[in-house]
Amino acid sequence: MKNSNCTSTIRRYSLFAFLILFFHLHDAVFCQARKTAIMLNGVYEDLPTVQLNQSPDFEFVALKKLAKILKTYPIISQKTHKAIFHIGDTEVKVTALNPFVMLNNTVLQMPVAVAYEGGEIYLPVPFFVDLIAPVFPGQLTSIENRRFVSNKVSPAQSFIADITPDPIVALRQNTEESNNEKEDMGPGKKLLPRVTGIYTVEKANGTLIRIKTSSVIPQTYINSRSTRGWLYIDIFGAVVDTLNVYQENESRFIQEIRPVQLPQIAQLSFLLSGPLDSKKIFSNPKSQEILVSLTTRKQISANIIKTLEDERKKWLIDTIILDPGHGGRDPGAIGPRGTYEKNITLAIARHLKSIIEKETDMRVVMTRQNDRFVSLKERTKLANREQGKLFISIHANSNRSHKVSGLTTYLLGAARTEEAIESARRENAVIRYESDSTSYADFNTENYILASMAQNSYQQESEEFAALMQDEISQRTSVKNRGVKQAGYYVLIGASMPNVLIETGFISNRREEKRLNSYQFQKKIARGIFEGIIKFKTKYERGI
(Lines give C-alpha, C1' and ligand atoms only; values in the text may rest on other atoms or scores of the structure.)
Protein backbone atom coordinates (compact mmCIF):
# COMPACT_ATOMS: atom_id res chain seq x y z
CA MET A 1 0.00 0.00 0.00
CA LYS A 2 2.89 2.36 0.82
CA ASN A 3 4.55 1.53 -2.51
CA SER A 4 1.32 2.36 -4.32
CA ASN A 5 1.01 5.75 -2.56
CA CYS A 6 4.67 6.48 -3.25
CA THR A 7 4.26 5.64 -6.93
CA SER A 8 1.14 7.83 -7.14
CA THR A 9 2.99 10.75 -5.51
CA ILE A 10 5.93 10.39 -7.93
CA ARG A 11 3.56 10.38 -10.89
CA ARG A 12 1.80 13.53 -9.64
CA TYR A 13 5.12 15.38 -9.18
CA SER A 14 6.37 14.18 -12.57
CA LEU A 15 3.20 15.43 -14.25
CA PHE A 16 3.45 18.72 -12.38
CA ALA A 17 7.10 19.17 -13.44
CA PHE A 18 6.22 18.32 -17.06
CA LEU A 19 3.43 20.91 -17.13
CA ILE A 20 5.73 23.60 -15.72
CA LEU A 21 8.37 22.76 -18.33
CA PHE A 22 5.77 22.68 -21.13
CA PHE A 23 4.24 26.06 -20.29
CA HIS A 24 7.69 27.58 -19.74
CA LEU A 25 8.84 26.48 -23.20
CA HIS A 26 5.49 27.41 -24.77
CA ASP A 27 5.67 30.94 -23.33
CA ALA A 28 9.28 31.36 -24.45
CA VAL A 29 8.50 30.36 -28.03
CA PHE A 30 5.33 32.44 -28.13
CA CYS A 31 7.09 35.53 -26.81
CA GLN A 32 9.80 35.15 -29.41
CA ALA A 33 7.23 34.79 -32.16
CA ARG A 34 5.32 37.97 -31.32
CA LYS A 35 7.57 40.72 -32.62
CA THR A 36 5.27 42.72 -34.88
CA ALA A 37 1.72 43.81 -34.14
CA ILE A 38 -0.90 45.91 -35.95
CA MET A 39 -3.13 48.79 -35.04
CA LEU A 40 -6.53 47.80 -36.45
CA ASN A 41 -9.12 50.60 -36.33
CA GLY A 42 -7.52 51.96 -33.17
CA VAL A 43 -7.26 48.55 -31.49
CA TYR A 44 -3.89 46.92 -30.74
CA GLU A 45 -3.72 43.37 -32.16
CA ASP A 46 -0.87 40.90 -31.66
CA LEU A 47 0.37 39.12 -34.77
CA PRO A 48 1.50 35.53 -34.04
CA THR A 49 4.60 35.82 -36.22
CA VAL A 50 7.16 33.05 -36.72
CA GLN A 51 10.64 32.72 -38.15
CA LEU A 52 11.06 30.26 -41.01
CA ASN A 53 14.12 28.29 -42.04
CA GLN A 54 14.11 29.61 -45.60
CA SER A 55 14.16 33.31 -44.48
CA PRO A 56 15.40 33.40 -40.88
CA ASP A 57 16.02 37.16 -40.91
CA PHE A 58 12.35 38.05 -41.40
CA GLU A 59 9.02 37.56 -39.64
CA PHE A 60 6.06 35.76 -41.18
CA VAL A 61 2.43 35.33 -40.23
CA ALA A 62 0.21 32.51 -41.43
CA LEU A 63 -2.21 33.77 -44.08
CA LYS A 64 -5.19 32.10 -42.40
CA LYS A 65 -4.41 33.75 -39.04
CA LEU A 66 -3.98 37.21 -40.56
CA ALA A 67 -7.16 36.75 -42.60
CA LYS A 68 -9.08 35.88 -39.43
CA ILE A 69 -7.81 39.04 -37.71
CA LEU A 70 -8.78 41.17 -40.74
CA LYS A 71 -12.15 39.38 -41.01
CA THR A 72 -11.64 38.20 -44.57
CA TYR A 73 -12.03 34.71 -46.02
CA PRO A 74 -9.25 33.46 -48.33
CA ILE A 75 -9.65 30.88 -51.09
CA ILE A 76 -6.48 28.76 -51.10
CA SER A 77 -5.31 26.39 -53.85
CA GLN A 78 -3.12 23.62 -52.43
CA LYS A 79 -2.16 22.61 -55.97
CA THR A 80 -0.69 25.94 -57.03
CA HIS A 81 -0.04 27.35 -53.53
CA LYS A 82 -2.03 30.48 -54.40
CA ALA A 83 -4.53 32.42 -52.31
CA ILE A 84 -7.20 34.98 -53.19
CA PHE A 85 -9.10 37.16 -50.71
CA HIS A 86 -10.69 40.60 -50.57
CA ILE A 87 -9.76 43.72 -48.63
CA GLY A 88 -12.79 45.94 -49.01
CA ASP A 89 -13.41 46.18 -52.77
CA THR A 90 -9.84 45.11 -53.64
CA GLU A 91 -9.04 41.55 -54.71
CA VAL A 92 -5.69 40.40 -53.31
CA LYS A 93 -3.73 37.52 -54.87
CA VAL A 94 -0.56 35.99 -53.40
CA THR A 95 1.59 33.08 -54.57
CA ALA A 96 3.98 31.04 -52.42
CA LEU A 97 7.71 31.50 -53.09
CA ASN A 98 6.99 34.74 -54.94
CA PRO A 99 7.26 38.40 -53.83
CA PHE A 100 4.61 39.72 -56.26
CA VAL A 101 1.18 40.67 -54.91
CA MET A 102 -1.77 41.60 -57.13
CA LEU A 103 -4.21 44.24 -55.91
CA ASN A 104 -6.96 43.99 -58.53
CA ASN A 105 -4.94 44.55 -61.74
CA THR A 106 -1.98 46.29 -60.09
CA VAL A 107 1.20 44.29 -59.48
CA LEU A 108 3.30 45.25 -56.44
CA GLN A 109 6.53 43.70 -55.23
CA MET A 110 7.65 43.01 -51.66
CA PRO A 111 11.35 42.76 -50.75
CA VAL A 112 10.70 39.25 -49.36
CA ALA A 113 8.86 36.38 -51.06
CA VAL A 114 5.72 34.73 -49.68
CA ALA A 115 6.72 31.52 -47.88
CA TYR A 116 5.23 28.02 -47.81
CA GLU A 117 5.82 25.46 -45.05
CA GLY A 118 3.81 22.53 -43.78
CA GLY A 119 0.95 23.14 -46.20
CA GLU A 120 0.53 26.73 -44.96
CA ILE A 121 1.11 30.02 -46.79
CA TYR A 122 3.07 32.57 -44.75
CA LEU A 123 3.16 36.33 -45.43
CA PRO A 124 6.18 38.52 -44.59
CA VAL A 125 5.46 41.27 -42.10
CA PRO A 126 5.46 44.20 -41.91
CA PHE A 127 5.91 44.33 -45.70
CA PHE A 128 2.57 42.71 -46.56
CA VAL A 129 0.63 44.70 -43.97
CA ASP A 130 2.12 47.97 -45.26
CA LEU A 131 1.27 46.93 -48.82
CA ILE A 132 -2.45 46.33 -48.19
CA ALA A 133 -2.90 49.17 -45.68
CA PRO A 134 -3.77 51.80 -48.37
CA VAL A 135 -6.72 49.71 -49.63
CA PHE A 136 -7.96 48.61 -46.19
CA PRO A 137 -11.39 50.13 -45.41
CA GLY A 138 -10.31 51.55 -42.08
CA GLN A 139 -7.10 52.05 -40.11
CA LEU A 140 -4.39 49.41 -40.54
CA THR A 141 -0.81 50.03 -39.44
CA SER A 142 2.06 47.67 -38.61
CA ILE A 143 3.82 48.56 -35.36
CA GLU A 144 6.56 47.16 -33.16
CA ASN A 145 5.13 44.94 -30.42
CA ARG A 146 6.19 46.61 -27.18
CA ARG A 147 5.50 43.37 -25.31
CA PHE A 148 8.22 41.48 -27.16
CA VAL A 149 10.43 39.96 -24.45
CA SER A 150 14.08 39.99 -25.62
CA ASN A 151 16.54 38.59 -28.11
CA LYS A 152 17.81 36.14 -25.51
CA VAL A 153 14.87 33.81 -26.07
CA SER A 154 15.72 31.09 -28.57
CA PRO A 155 13.79 31.34 -31.84
CA ALA A 156 10.94 28.93 -32.42
CA GLN A 157 12.23 25.77 -34.10
CA SER A 158 10.77 24.57 -37.38
CA PHE A 159 11.18 20.92 -38.36
CA ILE A 160 9.57 21.26 -41.80
CA ALA A 161 11.99 20.46 -44.62
CA ASP A 162 12.67 22.94 -47.42
CA ILE A 163 9.96 22.16 -49.97
CA THR A 164 11.08 24.37 -52.85
CA PRO A 165 9.79 22.38 -55.84
CA ASP A 166 12.19 20.72 -58.24
CA PRO A 167 11.89 22.43 -61.67
CA ILE A 168 10.79 19.19 -63.39
CA VAL A 169 8.08 18.57 -60.77
CA ALA A 170 6.92 22.18 -61.03
CA LEU A 171 6.75 21.86 -64.81
CA ARG A 172 4.57 18.75 -64.64
CA GLN A 173 2.28 20.25 -62.01
CA ASN A 174 1.69 23.44 -63.95
CA THR A 175 1.55 22.22 -67.56
CA GLU A 176 -2.25 22.13 -67.52
CA GLU A 177 -2.55 25.67 -66.09
CA SER A 178 0.02 27.15 -68.46
CA ASN A 179 -1.77 25.55 -71.43
CA ASN A 180 -5.01 27.14 -70.27
CA GLU A 181 -3.29 30.53 -70.13
CA LYS A 182 -2.02 30.09 -73.70
CA GLU A 183 -5.54 29.30 -74.88
CA ASP A 184 -6.73 32.55 -73.30
CA MET A 185 -4.47 34.51 -75.64
CA GLY A 186 -7.10 34.86 -78.34
CA PRO A 187 -7.30 37.37 -81.20
CA GLY A 188 -7.18 40.99 -80.10
CA LYS A 189 -5.77 40.19 -76.67
CA LYS A 190 -2.51 41.76 -75.48
CA LEU A 191 0.51 39.61 -76.30
CA LEU A 192 2.58 38.73 -73.24
CA PRO A 193 6.37 39.28 -73.24
CA ARG A 194 8.25 36.13 -74.33
CA VAL A 195 11.63 34.80 -73.23
CA THR A 196 13.36 34.24 -76.58
CA GLY A 197 16.87 33.20 -75.54
CA ILE A 198 19.08 32.35 -72.54
CA TYR A 199 22.84 32.89 -72.80
CA THR A 200 25.54 32.42 -70.16
CA VAL A 201 29.11 33.73 -70.44
CA GLU A 202 31.98 33.09 -68.05
CA LYS A 203 33.74 36.28 -66.94
CA ALA A 204 36.87 36.93 -64.91
CA ASN A 205 34.81 37.76 -61.83
CA GLY A 206 31.98 35.25 -62.26
CA THR A 207 29.18 34.47 -64.71
CA LEU A 208 26.90 36.73 -66.71
CA ILE A 209 23.42 35.48 -67.68
CA ARG A 210 21.73 37.29 -70.57
CA ILE A 211 17.98 36.67 -70.89
CA LYS A 212 16.56 37.95 -74.19
CA THR A 213 12.88 38.99 -74.20
CA SER A 214 10.44 40.06 -76.91
CA SER A 215 9.66 43.33 -75.10
CA VAL A 216 10.90 45.37 -72.16
CA ILE A 217 10.41 43.77 -68.73
CA PRO A 218 10.14 46.28 -65.84
CA GLN A 219 12.72 45.73 -63.07
CA THR A 220 9.93 45.34 -60.51
CA TYR A 221 8.54 42.33 -62.42
CA ILE A 222 11.74 40.32 -61.87
CA ASN A 223 12.52 38.30 -58.75
CA SER A 224 15.32 35.90 -57.88
CA ARG A 225 16.15 33.42 -55.14
CA SER A 226 18.58 30.56 -54.64
CA THR A 227 18.15 27.34 -52.69
CA ARG A 228 19.57 23.80 -52.67
CA GLY A 229 22.09 24.63 -55.39
CA TRP A 230 19.50 26.12 -57.76
CA LEU A 231 19.12 29.75 -58.82
CA TYR A 232 15.58 30.77 -59.81
CA ILE A 233 14.75 33.85 -61.89
CA ASP A 234 10.99 34.62 -61.86
CA ILE A 235 9.62 36.96 -64.55
CA PHE A 236 6.07 38.02 -63.77
CA GLY A 237 3.64 38.28 -66.68
CA ALA A 238 6.02 36.61 -69.16
CA VAL A 239 5.88 33.30 -71.04
CA VAL A 240 8.62 30.87 -72.04
CA ASP A 241 8.51 28.00 -74.54
CA THR A 242 10.07 25.37 -72.29
CA LEU A 243 10.94 23.04 -75.19
CA ASN A 244 12.09 25.45 -77.90
CA VAL A 245 13.60 28.49 -76.16
CA TYR A 246 17.19 29.03 -77.42
CA GLN A 247 19.91 28.20 -74.87
CA GLU A 248 23.65 28.77 -75.04
CA ASN A 249 25.67 27.85 -71.93
CA GLU A 250 29.35 28.80 -71.91
CA SER A 251 29.79 28.91 -68.14
CA ARG A 252 31.32 26.13 -66.06
CA PHE A 253 29.57 27.57 -62.99
CA ILE A 254 26.13 26.76 -64.45
CA GLN A 255 25.64 23.03 -64.95
CA GLU A 256 22.10 23.04 -66.32
CA ILE A 257 19.34 25.42 -67.44
CA ARG A 258 15.68 24.48 -67.05
CA PRO A 259 12.95 26.91 -68.16
CA VAL A 260 9.59 26.38 -66.42
CA GLN A 261 6.22 27.96 -67.22
CA LEU A 262 4.25 28.67 -64.05
CA PRO A 263 0.88 30.42 -63.83
CA GLN A 264 1.55 34.10 -64.67
CA ILE A 265 5.32 33.57 -64.32
CA ALA A 266 8.17 32.44 -66.56
CA GLN A 267 10.63 30.75 -64.22
CA LEU A 268 14.22 30.11 -65.35
CA SER A 269 16.09 27.60 -63.17
CA PHE A 270 19.89 27.32 -63.15
CA LEU A 271 21.76 24.44 -61.46
CA LEU A 272 24.96 25.86 -59.95
CA SER A 273 28.24 23.98 -59.53
CA GLY A 274 29.19 25.75 -56.31
CA PRO A 275 28.07 28.25 -53.65
CA LEU A 276 26.78 31.60 -54.87
CA ASP A 277 28.12 34.64 -53.05
CA SER A 278 26.03 37.39 -54.60
CA LYS A 279 23.88 38.28 -57.58
CA LYS A 280 22.76 41.48 -59.26
CA ILE A 281 19.88 41.84 -61.72
CA PHE A 282 19.39 44.65 -64.22
CA SER A 283 16.70 45.09 -66.87
CA ASN A 284 18.15 46.78 -69.95
CA PRO A 285 15.31 48.46 -71.90
CA LYS A 286 17.54 49.32 -74.86
CA SER A 287 18.55 45.74 -75.69
CA GLN A 288 15.38 44.14 -74.20
CA GLU A 289 17.53 41.93 -71.98
CA ILE A 290 17.59 40.89 -68.35
CA LEU A 291 21.22 40.78 -67.16
CA VAL A 292 22.07 38.61 -64.14
CA SER A 293 25.60 38.87 -62.72
CA LEU A 294 26.72 35.98 -60.48
CA THR A 295 29.84 36.23 -58.33
CA THR A 296 31.68 34.22 -55.67
CA ARG A 297 33.79 35.79 -52.95
CA LYS A 298 37.04 34.10 -53.98
CA GLN A 299 36.70 35.46 -57.51
CA ILE A 300 36.25 39.11 -56.56
CA SER A 301 39.21 41.38 -56.02
CA ALA A 302 39.09 44.34 -53.65
CA ASN A 303 39.01 46.71 -56.63
CA ILE A 304 36.02 44.95 -58.17
CA ILE A 305 34.17 44.96 -54.84
CA LYS A 306 34.80 48.70 -54.55
CA THR A 307 33.57 49.24 -58.11
CA LEU A 308 30.37 47.29 -57.39
CA GLU A 309 29.80 49.26 -54.20
CA ASP A 310 30.34 52.52 -56.08
CA GLU A 311 27.76 51.39 -58.64
CA ARG A 312 25.32 50.55 -55.84
CA LYS A 313 25.76 54.00 -54.32
CA LYS A 314 24.67 55.56 -57.60
CA TRP A 315 21.18 54.12 -57.04
CA LEU A 316 20.82 55.25 -53.44
CA ILE A 317 18.40 58.10 -52.74
CA ASP A 318 20.94 60.77 -51.81
CA THR A 319 19.71 63.88 -53.65
CA ILE A 320 16.24 65.41 -53.29
CA ILE A 321 14.97 68.02 -55.75
CA LEU A 322 12.47 70.43 -54.19
CA ASP A 323 10.44 72.53 -56.62
CA PRO A 324 8.52 75.41 -54.99
CA GLY A 325 5.79 76.12 -57.53
CA HIS A 326 5.50 79.45 -59.38
CA GLY A 327 7.66 82.48 -58.38
CA GLY A 328 8.64 85.93 -59.62
CA ARG A 329 6.18 87.34 -62.13
CA ASP A 330 4.04 84.19 -61.71
CA PRO A 331 2.15 84.48 -58.37
CA GLY A 332 0.21 81.22 -58.81
CA ALA A 333 -3.23 81.06 -57.20
CA ILE A 334 -4.30 83.98 -55.00
CA GLY A 335 -6.43 83.40 -51.90
CA PRO A 336 -9.45 85.44 -50.72
CA ARG A 337 -7.18 87.25 -48.22
CA GLY A 338 -4.60 88.01 -50.92
CA THR A 339 -2.19 85.16 -50.16
CA TYR A 340 0.11 84.26 -53.05
CA GLU A 341 0.65 80.57 -53.78
CA LYS A 342 4.30 81.26 -54.69
CA ASN A 343 5.04 82.44 -51.12
CA ILE A 344 3.40 79.41 -49.49
CA THR A 345 5.25 76.90 -51.67
CA LEU A 346 8.64 78.54 -51.04
CA ALA A 347 8.06 78.63 -47.27
CA ILE A 348 7.16 74.91 -47.14
CA ALA A 349 10.15 74.00 -49.33
CA ARG A 350 12.52 75.92 -47.04
CA HIS A 351 11.15 74.14 -43.97
CA LEU A 352 11.54 70.78 -45.71
CA LYS A 353 15.10 71.56 -46.86
CA SER A 354 16.06 72.45 -43.29
CA ILE A 355 14.63 69.20 -41.88
CA ILE A 356 16.30 66.98 -44.51
CA GLU A 357 19.72 68.58 -44.09
CA LYS A 358 19.50 68.57 -40.30
CA GLU A 359 18.36 64.95 -39.88
CA THR A 360 19.95 63.11 -42.84
CA ASP A 361 23.01 63.09 -45.09
CA MET A 362 20.89 63.66 -48.21
CA ARG A 363 21.64 66.62 -50.45
CA VAL A 364 18.82 69.05 -51.24
CA VAL A 365 18.61 71.07 -54.46
CA MET A 366 15.86 73.69 -54.86
CA THR A 367 14.69 74.86 -58.27
CA ARG A 368 14.38 78.33 -56.74
CA GLN A 369 15.55 79.65 -53.38
CA ASN A 370 13.88 83.04 -53.60
CA ASP A 371 11.07 84.88 -55.35
CA ARG A 372 12.19 84.46 -58.95
CA PHE A 373 10.61 83.02 -62.09
CA VAL A 374 11.84 79.61 -63.37
CA SER A 375 10.42 78.03 -66.53
CA LEU A 376 8.81 74.59 -66.25
CA LYS A 377 11.36 72.93 -68.51
CA GLU A 378 14.29 74.43 -66.61
CA ARG A 379 13.02 72.88 -63.37
CA THR A 380 13.26 69.29 -64.64
CA LYS A 381 16.48 70.06 -66.52
CA LEU A 382 18.01 71.18 -63.23
CA ALA A 383 16.73 68.00 -61.52
CA ASN A 384 18.37 65.77 -64.15
CA ARG A 385 21.57 67.83 -64.22
CA GLU A 386 21.95 67.52 -60.45
CA GLN A 387 21.26 63.75 -60.67
CA GLY A 388 18.28 63.97 -58.37
CA LYS A 389 16.70 60.77 -57.03
CA LEU A 390 13.32 62.27 -56.04
CA PHE A 391 11.52 65.27 -57.60
CA ILE A 392 8.86 66.95 -55.42
CA SER A 393 6.91 69.89 -56.87
CA ILE A 394 5.09 71.79 -54.10
CA HIS A 395 1.88 73.72 -54.83
CA ALA A 396 -1.35 75.02 -53.27
CA ASN A 397 -4.62 74.21 -55.00
CA SER A 398 -7.52 76.44 -56.02
CA ASN A 399 -11.13 75.87 -56.96
CA ARG A 400 -14.06 78.05 -58.06
CA SER A 401 -15.98 76.64 -55.09
CA HIS A 402 -14.57 78.11 -51.89
CA LYS A 403 -15.87 75.11 -49.92
CA VAL A 404 -13.51 72.57 -51.52
CA SER A 405 -10.61 71.57 -49.24
CA GLY A 406 -8.03 68.87 -48.78
CA LEU A 407 -4.67 67.45 -49.81
CA THR A 408 -3.98 65.79 -53.18
CA THR A 409 -0.82 64.34 -54.73
CA TYR A 410 -0.57 63.97 -58.50
CA LEU A 411 1.41 61.73 -60.84
CA LEU A 412 2.03 62.39 -64.51
CA GLY A 413 -0.73 60.79 -66.55
CA ALA A 414 -4.06 61.26 -68.27
CA ALA A 415 -6.48 63.13 -65.99
CA ARG A 416 -9.54 61.05 -65.10
CA THR A 417 -11.61 63.58 -63.14
CA GLU A 418 -12.81 67.13 -63.74
CA GLU A 419 -10.93 68.23 -60.62
CA ALA A 420 -7.64 66.80 -61.96
CA ILE A 421 -8.17 68.42 -65.37
CA GLU A 422 -8.89 71.79 -63.76
CA SER A 423 -5.91 71.56 -61.42
CA ALA A 424 -3.50 70.70 -64.25
CA ARG A 425 -4.97 73.44 -66.46
CA ARG A 426 -4.43 76.04 -63.76
CA GLU A 427 -0.87 74.94 -62.91
CA ASN A 428 0.07 74.66 -66.59
CA ALA A 429 -1.14 78.21 -67.21
CA VAL A 430 2.30 79.36 -66.00
CA ILE A 431 3.52 79.01 -69.61
CA ARG A 432 1.93 82.38 -70.41
CA TYR A 433 4.74 83.95 -68.38
CA GLU A 434 7.44 82.18 -70.40
CA SER A 435 9.28 83.77 -73.31
CA ASP A 436 8.55 80.87 -75.68
CA SER A 437 5.22 79.21 -74.88
CA THR A 438 5.00 77.65 -78.37
CA SER A 439 7.36 74.86 -77.27
CA TYR A 440 4.48 73.48 -75.17
CA ALA A 441 2.04 73.18 -78.07
CA ASP A 442 2.21 69.39 -78.31
CA PHE A 443 1.69 68.96 -74.57
CA ASN A 444 -2.04 69.55 -74.94
CA THR A 445 -2.70 66.16 -76.51
CA GLU A 446 -3.51 63.16 -74.40
CA ASN A 447 -1.28 61.06 -76.64
CA TYR A 448 1.75 63.07 -75.58
CA ILE A 449 0.98 62.58 -71.92
CA LEU A 450 0.50 58.85 -72.41
CA ALA A 451 3.74 58.65 -74.39
CA SER A 452 5.52 60.40 -71.55
CA MET A 453 4.08 57.86 -69.13
CA ALA A 454 5.32 55.00 -71.28
CA GLN A 455 8.83 56.47 -71.17
CA ASN A 456 8.69 56.99 -67.43
CA SER A 457 10.12 53.84 -65.85
CA TYR A 458 9.54 55.37 -62.40
CA GLN A 459 5.74 55.37 -62.49
CA GLN A 460 5.30 52.66 -59.86
CA GLU A 461 7.90 54.20 -57.55
CA SER A 462 6.23 57.61 -57.95
CA GLU A 463 2.87 56.12 -57.00
CA GLU A 464 4.29 54.36 -53.93
CA PHE A 465 6.06 57.52 -52.79
CA ALA A 466 2.94 59.65 -53.32
CA ALA A 467 0.80 57.31 -51.21
CA LEU A 468 3.33 57.26 -48.35
CA MET A 469 3.63 61.05 -48.40
CA GLN A 470 -0.15 61.56 -48.49
CA ASP A 471 -0.66 59.36 -45.44
CA GLU A 472 2.11 61.03 -43.43
CA ILE A 473 0.86 64.58 -44.09
CA SER A 474 -2.77 63.66 -43.39
CA GLN A 475 -1.84 62.11 -40.03
CA ARG A 476 0.05 65.23 -38.95
CA THR A 477 -2.30 67.93 -40.18
CA SER A 478 -5.77 66.31 -40.07
CA VAL A 479 -6.31 67.71 -43.58
CA LYS A 480 -8.76 65.79 -45.72
CA ASN A 481 -6.90 63.18 -47.78
CA ARG A 482 -8.18 63.47 -51.37
CA GLY A 483 -5.91 60.65 -52.54
CA VAL A 484 -3.31 60.11 -55.26
CA LYS A 485 -4.44 61.06 -58.78
CA GLN A 486 -3.09 61.54 -62.30
CA ALA A 487 -3.00 64.69 -64.41
CA GLY A 488 -1.00 66.18 -67.25
CA TYR A 489 1.33 68.52 -65.37
CA TYR A 490 4.00 69.95 -67.68
CA VAL A 491 6.47 70.39 -64.82
CA LEU A 492 6.69 66.60 -64.28
CA ILE A 493 7.47 65.78 -67.92
CA GLY A 494 11.13 64.91 -68.41
CA ALA A 495 12.13 64.21 -64.79
CA SER A 496 14.26 61.04 -64.91
CA MET A 497 13.44 59.96 -61.37
CA PRO A 498 10.36 59.25 -59.24
CA ASN A 499 8.38 62.51 -59.40
CA VAL A 500 5.21 63.88 -57.81
CA LEU A 501 3.31 67.15 -57.52
CA ILE A 502 1.65 67.82 -54.20
CA GLU A 503 -1.25 70.24 -53.77
CA THR A 504 -0.88 71.02 -50.05
CA GLY A 505 -4.35 72.53 -49.64
CA PHE A 506 -6.88 74.83 -51.29
CA ILE A 507 -5.77 78.44 -51.03
CA SER A 508 -9.22 79.37 -52.37
CA ASN A 509 -10.75 78.06 -49.12
CA ARG A 510 -10.56 80.79 -46.42
CA ARG A 511 -9.91 78.31 -43.63
CA GLU A 512 -7.16 76.48 -45.51
CA GLU A 513 -5.66 79.77 -46.72
CA LYS A 514 -5.28 80.80 -43.08
CA ARG A 515 -3.71 77.46 -42.17
CA LEU A 516 -1.33 77.56 -45.14
CA ASN A 517 -0.11 80.95 -43.89
CA SER A 518 0.62 79.46 -40.46
CA TYR A 519 4.30 78.81 -39.64
CA GLN A 520 3.40 75.72 -37.58
CA PHE A 521 1.12 74.31 -40.28
CA GLN A 522 3.82 74.76 -42.92
CA LYS A 523 6.26 72.87 -40.69
CA LYS A 524 3.75 70.02 -40.24
CA ILE A 525 3.37 69.67 -44.00
CA ALA A 526 7.16 69.69 -44.41
CA ARG A 527 7.51 67.06 -41.68
CA GLY A 528 4.89 64.86 -43.38
CA ILE A 529 6.69 65.08 -46.72
CA PHE A 530 9.98 64.28 -44.97
CA GLU A 531 8.59 61.18 -43.25
CA GLY A 532 7.20 60.03 -46.61
CA ILE A 533 10.69 60.43 -48.12
CA ILE A 534 12.29 58.40 -45.32
CA LYS A 535 9.74 55.58 -45.59
CA PHE A 536 10.11 55.40 -49.36
CA LYS A 537 13.92 55.55 -49.15
CA THR A 538 13.95 52.67 -46.64
CA LYS A 539 11.71 50.46 -48.79
CA TYR A 540 13.40 51.34 -52.07
CA GLU A 541 16.96 50.76 -50.85
CA ARG A 542 16.17 47.33 -49.39
CA GLY A 543 16.22 45.99 -52.95
CA ILE A 544 19.54 47.54 -53.98
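Located above this text is the structure these notes cover.
Residues numbered from 1 in each chain as written. Predicted model: local features only at pLDDT ≥ 70, side-chain atom pairs only at ≥ 80, totals over all residues. Heavy atoms only, no water.

A.B. asks: Just to check I follow, could you spell out the overall build of the chain for this structure?
C.D. replies: Broken down by element type, the chain carries twelve helices and 28 strands. The 544 residues of the chain split such that 47% are buried. Taking contacts inside the chain between residues at least 6 apart in sequence as the whole, the part at least 24 apart equals 70%. Of the roughly 28,000 Å² of accessible surface on the chain, 52% is carried by carbon and sulfur atoms. (Helix = DSSP H or I, 4+ residues; strand = E, 2+ residues; numbered from the N terminus. Buried < 20%, exposed > 50% of the residue type's maximum accessible area, 1.4 Å probe, protein only. Contact = heavy atoms within 4.5 Å. Areas by Shrake-Rupley, 256 points an atom, 1.4 Å probe, with all protein chains shown as cover.)

A.B. asks: Before we go on, may I ask you to explain the pairing of strand E20 (residues 265-272) in this structure?
C.D. replies: Each regular strand carries side chains that alternate between the two faces of the sheet. With seven of eight residues buried, E20 is to be regarded as a mostly interior element. With seven bridges connecting them, strand E16 (residues 230-236) and E20 associate as antiparallel partners. Looking at E20, one finds that isoleucine 233 is bridged to leucine 268. Looking at chain direction, strand E19 (residues 254-262) and E20 are connected through eight bridges and run antiparallel. Bridge pairing links isoleucine 257 to phenylalanine 270 in E20. (Pairing = 2+ DSSP bridges.)

A.B. asks: Sorry, what's going on with the nonpolar core here?
C.D. replies: The nonpolar side chains of a soluble globular protein tend to be buried with one another. Counting residues in each nonpolar core, the largest one holds 38 residues, and the members touching the most others are Leu70, Val94, Leu123, Phe128 and Leu140. Sorting elements by how many residues they give to this core places helix H3 (residues 127-132) first, with five residues. Once you skip the residues sitting within four places of it in the chain, leucine 140 turns out to touch Ile38, Met39, Leu40, Leu70, Val129, Ile132 and Ala133. If you look at the next biggest cluster of nonpolar residues, it comprises 37 residues, including Ile320, Ile356, Met362 and Phe536. (Core = buried A, V, L, I, M, F, W, Y, C linked by side-chain atoms within 4.5 Å.)

A.B. asks: How should the packing of helix H10 (residues 459-477) against helix H12 (residues 519-542) be read in this particular structure?
C.D. replies: What describes two packed helices is the angle between their axes and the distance between those same axes. For the pair H10 and H12, interaxial distance at closest approach is 8 Å and the crossing angle is 140°. By the criterion of interaxial angle, the relationship of H10 to H12 is oblique. Crossing handedness for the pair H10 and H12: right-handed. Residues Glu461, Glu464, Phe465, Leu468, Met469, Glu472, Ile473, Arg476 and Thr477 of H10 form the contact with H12, whose participating residues are Phe521, Lys524, Ile525, Arg527, Gly528, Ile529, Glu531, Gly532, Ile533, Lys535, Phe536 and Tyr540. (Axes fitted to C-alpha atoms, helices over the stretch in contact; angles between N-to-C directions. Parallel < 35°, antiparallel > 145°, perpendicular 65-115°, else oblique. Left-handed = near helix turned anticlockwise from the far one by under 90°.)

A.B. asks: Help me understand the sheet that holds strand E26 (residues 407-412) in this model?
C.D. replies: Note: strands within a sheet are paired through backbone hydrogen bonds, in either parallel or antiparallel orientation. Spatially, six strands are ordered E24-E23-E25-E28-E26-E27 in an open sheet, and the strand pairing comes out mixed. What marks the edges here is a single partner per strand, and that holds for strand E24 (363-366) and strand E27 (481-487). Taking each pair of neighbouring strands and ignoring which way they run, the sheet shows an average axis angle of 25°. Against the sheet, H10 contacts strand E25 (390-397), E26, E27 and strand E28 (499-506), and its axis sits at roughly 175° relative to E26.

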